[in-house]
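# Secondary and tertiary structure notes
Chain by chain, the residues run as shown.
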Amino acid sequence: MPSWKRIRAAANWVNLSTPAGLALAAACRCPVRRGPDGLRLASGYRAPLPVAGAFTVGNVVFFRPRYERPEEHPVLLGHESRHASQYALCLGLPFIPLYFAAAAWSLLRTGDPASRNPFERSAGLAAGGYRERPARPVSAALRPALAARRGSGPGSAARIRSRSRRRG
């Protein structure tokens, strides 16, 4: 194993992200075994969230039952390995809120939580099973929410006129 992957494994242990991943695996009753490059592979993850086929917490990579043998999916394993490196670079568990903020930004920009998420882009969109979607202007993404809040939209002028007649 390359020395930087040993350093990553140690960093993710010290920053508590790998212990958190092992605790999650125990809570979800996922058997854990050693994998390549200092990763731990937790198989049989069945909880509803996240919906992805695989996800990472520290150096622990969780796989849904359809990935019975993760080693047979080296591209996906490489993608998740890059997320383990991101945990180390973000000093562990702060990665989680940073990831969710990035996913929210991507969802706002593209309607998809991965396409403009810098963590997913850095790990490789295609390797993680994601399609890149085109960005849309933020104003276009916010328009439906703003219209609903203002009460504008189809029939809103009639509602406003009706309200003003009742008052007058």
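See the structure printed just above.
Residues numbered from 1 in each chain as written. Predicted model: local features only at pLDDT ≥ 70, side-chain atom pairs only at ≥ 80, totals over all residues. Heavy atoms only, no water.

### So, the pattern of salt bridges
- Enumeration over the complete set of coordinates arrives at 5 salt bridges.
- Arg-121 is the partner of Glu-132 in a salt bridge, and the nearest nitrogen-oxygen pair spans 3.0 Å. With Glu-132 in the loop between α5 (118-123) and α6 (138-150) and Arg-121 in helix α5, the pair connects residues that are 11 residues apart, well separated along the chain.
- Looking at Glu-132, the relative accessible area reads 47%, which means it is partly exposed.
- Judged by relative accessible area, which is 37%, Arg-121 ranks as partly exposed.
- One connected set of salt bridges, linked through shared partners, spans Arg-116, Arg-121 and Glu-132. (Salt bridge = Lys/Arg side-chain N within 4 Å of Asp/Glu carboxyl O. Helix = DSSP H or I, 4+ residues; strand = E, 2+ residues; numbered from the N terminus. Buried < 20%, exposed > 50% of the residue type's maximum accessible area, 1.4 Å probe, protein only.)

### Here's the deal with the environment of Trp-13
- Among the secondary structure elements, Trp-13 is positioned in helix α1 (residues 3-14).
- The class for Trp-13 is partly exposed, based on a relative accessible area of 49%.
- The spacing of Trp-13 and Gly-58 is 45 residues in sequence and 7.6 Å in space, taken between C-alpha atoms.

### What about the packing of aromatic side chains?
- All chains considered together, the criterion is met by 9 aromatic pairs.
- Ring centres of Tyr-45 and Phe-55 lie 4.8 Å apart, and the angle between their planes is 70°; this geometry places the pair in the edge-to-face category. In this pair, Tyr-45 sits in the loop between β2 (40-42) and β3 (54-57) while Phe-55 sits in strand β3, placing the two residues 10 residues apart along the sequence.
- Of the residues examined, Tyr-45 reaches a relative accessible area of 4% and is grouped as buried.
- Measuring from ring centre to ring centre gives 4.3 Å for Tyr-87 and Phe-95, while their planes differ by 40°; the resulting arrangement is tilted. For the pair shown, Tyr-87 and Phe-95 are each scored as buried.
- By the ring-pair criterion, three or more aromatic residues cluster together here, those being Tyr-87, Phe-95, Tyr-99, Phe-100 and Phe-119. (Phe/Tyr/Trp six-rings, centres within 6.5 Å; stacked < 30°, edge-to-face > 60°.)

### Quick notes on the state of the cysteines
- Under the definition given, this model contains 0 disulfides.
- A disulfide-free cysteine, Cys-28 has its sulfur positioned 5.3 Å from the sulfur of Cys-30, the nearest such atom.
- The partly exposed category is assigned to Cys-28, whose relative accessible area is 27%. (Disulfide = S-S within 2.5 Å.)

### A closer look at the layout of surface pockets
- Taken as a whole, the largest pocket encloses approximately 800 Å³ of empty space.
- If you go around the largest pocket, you meet 31 residues; those closest to its centre are Pro-50, Ala-52, Phe-55, Tyr-99 and Tyr-130.
- Elements supplying a minimum of two residues to the lining of the largest pocket: β3, α3 (74-89) and α4 (95-110).
- It is α4 that contributes the most residues to the lining of the largest pocket, 6 residues altogether. (1 Å grid on protein atoms, 1.4 Å probe; cavity = no way out; pocket = protein on both sides within 12 Å on 5 of 7 lines; lining within 4 Å. Points joined across faces, edges and corners; volume = space filled by probe spheres on them.)

### Digging into a nonpolar patch on the surface
- There is a patch of nonpolar side chains on the surface, built from Leu-16, Leu-93, Ile-96 and Phe-100 and spanning about 370 Å² of accessible area.
- In this fold, Ile-96 is placed in helix α4.
- A residue is classified by how much of its surface remains accessible, and Ile-96, at 31% relative accessible area, is partly exposed. (Patch = residues over 30% accessible without salt bridge, like charges linked within 9 Å, V, L, I, M, F, W, Y side chains within 5 Å. Areas by Shrake-Rupley, 256 points an atom, 1.4 Å probe, with all protein chains shown as cover.)

On their own, these measurements won't tell you what the molecule is for.
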